[in-house]
Amino acid sequence: MLTFNDAVSQVLHGTAQTLADNGFSTVVPEGIKKGELPTQTEGDATFVEFSGDKGTIRFVFSDNQAVLMLAAVAENGEEEELKKASTNYFDLESFDERDIKSLCNEFNETVNSRFAKAKAKTKSAKMPTPVSRSAAKSGSQSYDGNTLANRLTGMYPDLKEPYHENYERYGEFLAEEFFTEYGTKRVIDTIREGNRQACNKLFRILNDIYENGSNDTQSLIAVTILGEMQNDPQLLETAKEYMCEDMSETVVLVNKYLASSAGKRAQKKLLDPPPYKPKKQKKPSAFAQALAGGGQGMPPTM
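Residues numbered from 1 in each chain as written. Predicted model: local features only at pLDDT ≥ 70, side-chain atom pairs only at ≥ 80, totals over all residues. Heavy atoms only, no water.

A closer look at the packing of aromatic side chains
Considering all chains together, one arrives at 13 aromatic pairs under this definition. For the ring pair Phe-178 and Phe-179, a centre distance of 5.1 Å and an interplane angle of 80 degrees mean the geometry is edge-to-face. The two residues Phe-178 and Phe-179 agree in class, both being buried. Feature note: the residues Phe-4, Phe-61, Tyr-89, Phe-90 and Phe-95 constitute an aromatic cluster, connected by ring pairs. For Arg-58, the ring lying beneath its charged end belongs to Phe-47, and the centroid distance is 4.1 Å. (Phe/Tyr/Trp six-rings, centres within 6.5 Å; stacked < 30°, edge-to-face > 60°. Buried < 20%, exposed > 50% of the residue type's maximum accessible area, 1.4 Å probe, protein only. Lys NZ or Arg CZ within 6 Å of the ring centre and 35° of its normal.)

What follows is the structure, encoded as C-alpha cells:
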C-alpha cells in the first residue's frame, strides 16, 4: 500500500513537466527543508500550491479525494478566486502506480486545457462534484451515480472520455446511460476474470457506494450493473465473495428475478416499450355541455 507521502511525491513528479511548460513553479512554505515535500495544511486538507504569471494552481488531498483547483489571471490583470477544476478519487488502500499515473494524466489535461497557449480559448465542461466520503458517512449527503462513475474512472482510465462526453452531451450526468453503454461491461469483465486484487479494489468501491448511497444509486449497482451477471452461477459465486451482506442479498434476488419469465418480460418491455396511446377523452355529459354553453338548454328547475 502506498504511503501518503509516496503518493503525493509521485503526483508531483508526474505533473512537473506540464506545470513547468505552463510557467508554474512550486510554492515552498517556510520551514520546509531540502528534500521534504512542499505541503501545506488547511483544516483536514493537505495541499501543494504552484504559482506563475498565468495564475495559481493547487493540488488538494483530503477525504480520499484529490482536487485540482485553478485561479487564472484575467485580462484586467487580476487573479480569479481558486475554483475546483477536477475532483478525483484518491484511495491509498487500493491505489497503485497505474492509478497515480491516471490521476496525473487527468491533472495534466486539465491544466493544459486551461493554460496551454494552443488551447488558451478552449473551455471544458465542468463536471459535477462527487460526494465526499465524510459527507456520506455523516449522512449529510448520499452517494450518487456521478460519484460511482467518478470513482470507477480511477480504476478504469478508459472510461474517463465517455464519462466526460456524457456530461458534455446532456449538460448533466446520466448514470443509467453511462453504465449501460460503458461502465457495466468493465465491471462484469473484472468479475469474470476473477483477479483477487482487481475484485477487492472494485468491490471496495461498490460496497462503500451501496452502503452509503441513495436508493437510486443502490438500484443502479444492484440492477443496472450487477444484474448483468444474468444469474450466472460462476459470476455470482465470485461476486458473493466480495459483496457486503446487504448488497449480496439484493443482487442475488435481482438476478433470480431477471432470469425468470416475469423478469425477461420486464426487460423486453424496457428495451421495446409499447407505442404511446393517449387516453381517450370522455365525452362531457349533457349537463356539463349546458354549463359550458352558459346555461342554455338546461332543464327547467322546479
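Points about the confidence of the model for the chain
Detail in the predicted coordinates should be disregarded across regions flagged by low pLDDT. Summary statistics for the chain give a mean pLDDT of 86 and a share of 85% for residues scoring 70 or more. In this model residues 118–123 is a low-confidence stretch, pLDDT under 50, and it forms three contacts with partners more than four residues away in sequence or in other chains. (pLDDT = per-residue confidence, 0-100. Contact = heavy atoms within 4.5 Å.)

Brief notes about the nonpolar core
By size, the foremost hydrophobic cluster in this structure holds 69 residues, and its most contacted members are Ile-57, Phe-59, Leu-148, Ile-191, Phe-203, Leu-226 and Met-247. Tallying contributions element by element places helix H7 (residues 196–211) first for this core, with seven residues. Within the second largest apolar cluster, five residues are counted, among which are Phe-47, Val-60, Val-67 and Met-69. (Core = buried A, V, L, I, M, F, W, Y, C linked by side-chain atoms within 4.5 Å. Helix = DSSP H or I, 4+ residues; strand = E, 2+ residues; numbered from the N terminus.)

Quick notes on the environment of Val-111
Here Val-111 shows up in helix H2 (residues 97–115). Considering only alpha carbons, one finds Val-111 and Asn-22, 89 residues apart in sequence, at a separation of 8.2 Å. Setting aside its immediate chain neighbours within four residues, Val-111 contacts Thr-18, Asn-22, Ile-57, Leu-68 and Ala-116.

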